[in-house]
Amino acid sequence: MTKPNKSSYRKRAIIIGTLDVICLCLAYAAALWLKYDFHFTAIPDVFKETLLMFLPGWCAVSIGVFALFGLYNSIWVFVSVDELFRIIGAYVVLAALEAACVLLLKVQMPLSFFVAGLILSFGLTVMLRFSYRMMRQLRNRMGHYKGHKPHENVMIIGAGEAGKAL
C-alpha cells in the first residue's frame, strides 16, 4: 500500500470537513423538526430564524474542536476504536461549549433541540467516519475493480531484517 501524500490528506480533510458541516446542519435541523413531531409548519418562525443564525457559528466551532482532536489527521482506511474515542472526547467538549453558549448567549431554543442535536450529530459523525472505512473495505474485498486484482496476504518466514524491510 502506498503512503498518501500531503495533498491527498488535505483533500480528504476538506471533503470530510464539508461532510461534517452537512451532517451537523442535518442533525440540528432534524432535532428541531423532531421537537415539533415532524411538522415543519408547526415550528415557530423565531426558532427557524434562530436555527439559521446558530448553525454557521456552531459548525465553525465544531470543525475547530474536531481539528483539535485530530479527526482530520488520520488515514481514513484505519478508522478504529481510537478514532471513536477521539470523537467521544470532541463531543464531550462540544457539549460543554454548547451549554456555555446557551447560558452565556441566551440562545432561545427548546432544550431538547440542543440535546437531540448533539446526539444526532454524534451519530452522524461516527457513521460518516466508519462508512468511509466500510466502503473501502467492501471495494477492496470485491476484488477486480478498475482492473486491480484483490490483495493477497503473504507471510515471510526466516528472512530477518530483509523480511522486515519488505
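In the block above lies the structure referred to throughout.
First, a word on what this report is: a plain description of the structure on this page. (Residues numbered from 1 in each chain as written. Predicted model: local features only at pLDDT ≥ 70, side-chain atom pairs only at ≥ 80, totals over all residues. Heavy atoms only, no water.)

**Some details on the overall build of the protein**
Counting its secondary structure elements, the protein contains 5 helices and 0 strands. Going from N to C terminus, the protein has its helices and strands arranged as α-α-α-α-α. Counting over 166 residues, the protein shows a buried share of 31%. Sequence-distant contacts, at least 24 apart, represent 73% of the contacts inside the protein between residues at least 6 apart. For the protein, the accessible surface area stands at approximately 11200 Å², while carbon and sulfur atoms represent 69% of it. (Helix = DSSP H or I, 4+ residues; strand = E, 2+ residues; numbered from the N terminus. Buried < 20%, exposed > 50% of the residue type's maximum accessible area, 1.4 Å probe, protein only. Contact = heavy atoms within 4.5 Å. Areas by Shrake-Rupley, 256 points an atom, 1.4 Å probe, with all protein chains shown as cover.)

**Details of the side chain of Arg129**
Examined against the element boundaries, Arg129 turns out to sit in helix H4 (residues 111–142). At a separation of 2.7 Å, a polar atom in the side chain of Arg129 contacts the side chain of Asp20. (Polar contact = N/O pair within 3.5 Å; in protein donor to acceptor, adjacent residues only side chain to side chain.)

**Observations concerning the packing of aromatic side chains**
One pass over the full model with this rule turns up 11 aromatic pairs. A centroid spacing of 5.8 Å and a plane angle of 15° characterise the contact between Phe54 and Trp58, whose relative ring orientation is stacked. With Phe54 and Trp58 both in helix H2 (residues 45–68) and 4 residues apart, this pair spans about one turn of that helix. Under the relative-accessibility criterion, Phe54 is labelled buried at 12%. On the basis of an interplanar angle of 80° and a centroid distance of 5.8 Å, the ring pair of Phe54 and Phe114 is categorised as edge-to-face. Separated by 60 residues along the polypeptide, Phe54 in helix H2 and Phe114 in helix H4 bring together distant segments of the chain. By way of ring pairs, the aromatic residues Tyr28, Phe54, Trp58, Phe113 and Phe114 are connected into one cluster. One cation-aromatic arrangement involves Lys48 over Phe40; the distance from NZ or CZ to the ring centre is 4.2 Å. (Phe/Tyr/Trp six-rings, centres within 6.5 Å; stacked < 30°, edge-to-face > 60°. Lys NZ or Arg CZ within 6 Å of the ring centre and 35° of its normal.)

**Notes on the pattern of salt bridges**
Tallying each qualifying case throughout the model produces 5 salt bridges. Asp82 is the salt-bridge partner of Arg86, the closest N and O atoms lying 3.6 Å from each other. Residue Arg86 and its partner Asp82 are both found in helix H3 (residues 81–105); the two are separated by 4 residues, about one turn of the helix. Here Arg86 falls in the partly exposed class, since its relative accessible area comes to 21%. Among the residues examined, Asp82 registers a relative accessible area of 47% and is labelled partly exposed. (Salt bridge = Lys/Arg side-chain N within 4 Å of Asp/Glu carboxyl O.)

**Some remarks on unusual backbone geometry**
Phi angles above zero are rare outside glycine, and Asp37 is one such case at about 50°. Here Asp37 shows up in the loop between helix H1 (6–35) and H2. The exposed category is assigned to Asp37, whose relative accessible area is 56%. Backbone geometry places Phe38, a non-glycine residue, at a positive phi of 65°. Position of Phe38 relative to the elements: it lies in the loop between H1 and H2.

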